[in-house]
Amino acid sequence: MTRTESISTILFDWDGTIVDSAQLGLNAYYKVFAELGCEFSEEIYQASYSPNWYTTYEALRLPKEHWQKADDLWRLYYDAQTPQLIEGAADTLAKMHANGYRLGVVSSGNDDRVNREIEQFGLRSLFEVVMCHEHITQRKPHPEGLHLALERMAVSPNEAAYVGDAPEDIQMGKEARVLTVGVRGNYPCSARLRAAEPDIYLQSITELTDHFSVGSPSPAGRGSG
């Protein structure tokens, strides 16, 4: 088992890792492409899905001049639906927080949506930092978001772990030199997660406490560096 004694801080991806948004996102894609009069291939979507949705747009051959309109429509159609948390996510986060771990979110999602959902699910008090799409210039798997979160929390990479459900999450974590935790999710890219070779692979987020539940992080490991 990968050693986690040095870890004081755990950062999480949002969509697919904490909130079960995969089907909602797909529903929105169908409506976006229909309104734009463009063909949508679920087969291509399944094969190309990425947290960097412009990669998905390119694979689906959506003309670039439609990208901003597609972004606006996707938000409209996604927001008309009601997301739910991944089963066991809230309890797991609460346990990790109670055990003394510092928690945060590094997401590709939009700031207003992610923070609205954090409030909706009553998770605000658990997270010290929430980094979203608007806070960065480089998309996943670039480690900018993780670097900014760690800097804001005054935590060194060797004290941190990143939990995500996409290969890009693992690649980003490796680039940032943090411990990487892959958790199986419902997004298409989750099928490629093992190939990204996370340090720890989980079938469910509830298994996180099996790896990080032995007492609380040592005070010496909090926020140094």
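Quantities reported herein were computed from a predicted structural model and do not represent experimental measurements. (Residues numbered from 1 in each chain as written. Predicted model: local features only at pLDDT ≥ 70, side-chain atom pairs only at ≥ 80, totals over all residues. Heavy atoms only, no water.)

Okay, the pattern of salt bridges next. Where side chains of opposite charge bring their charged atoms close, a pairing between them can arise. Counting across every chain of the model gives nine salt bridges. Here Asp-112 ties to Arg-75 by a salt bridge, and the two come within 3.0 Å at their closest N and O atoms. A residue pair is termed long-range when its members are at least 10 positions apart, and Asp-112 in helix α6 (residues 111-120) and Arg-75 in helix α4 (residues 67-79) qualify at 37 residues. Judged by relative accessible area, which is 16%, Arg-75 ranks as buried. Note that Asp-79 is salt-bridged to Arg-116, the shortest N-O span being 3.0 Å. Taken together, the residues span a long stretch of sequence, with Asp-79 in helix α4 and Arg-116 in helix α6 at a distance of 37 residues. (Salt bridge = Lys/Arg side-chain N within 4 Å of Asp/Glu carboxyl O. Helix = DSSP H or I, 4+ residues; strand = E, 2+ residues; numbered from the N terminus. Buried < 20%, exposed > 50% of the residue type's maximum accessible area, 1.4 Å probe, protein only.)

Once that is clear, we can look at the pairing of strand β1 (residues 9-12). Burial of β1 is two-sided: the residues Thr-9 and Leu-11 facing one way and the residues Ile-10 and Phe-12 facing the other way are all buried. When β1 meets strand β4 (residues 102-106), the two strands line up parallel, connected through four bridges. Among the inter-strand pairings, Phe-12 is bridged to a residue of β4, identified as Val-105. Across four bridges, the pairing between β1 and strand β6 (residues 160-164) is parallel. When the bridges of β6 are listed, Leu-11 appears paired with Tyr-162. (Pairing = 2+ DSSP bridges.)

Let us look at helix α8 (residues 167-176). Most of α8 is tucked away: seven of the ten residues are buried. Among the structural elements, β4, α7 (144-153), β6 and β7 (179-183) are those in contact with the buried residues of α8. Arg-177 sits one or two positions beyond α8 and adopts a positive phi of about 65°. (Contact = heavy atoms within 4.5 Å.)

Here we take up the environment of Gly-88. Within the element layout of this structure, Gly-88 appears in the loop between β3 (84-85) and α5 (89-98). Sequence separation between Gly-88 and Ile-118 is 30 residues, and the spatial gap between their C-alpha atoms is 15 Å. Contacts of Gly-88, omitting those with residues within four sequence positions, involve Ile-205 and Thr-206.

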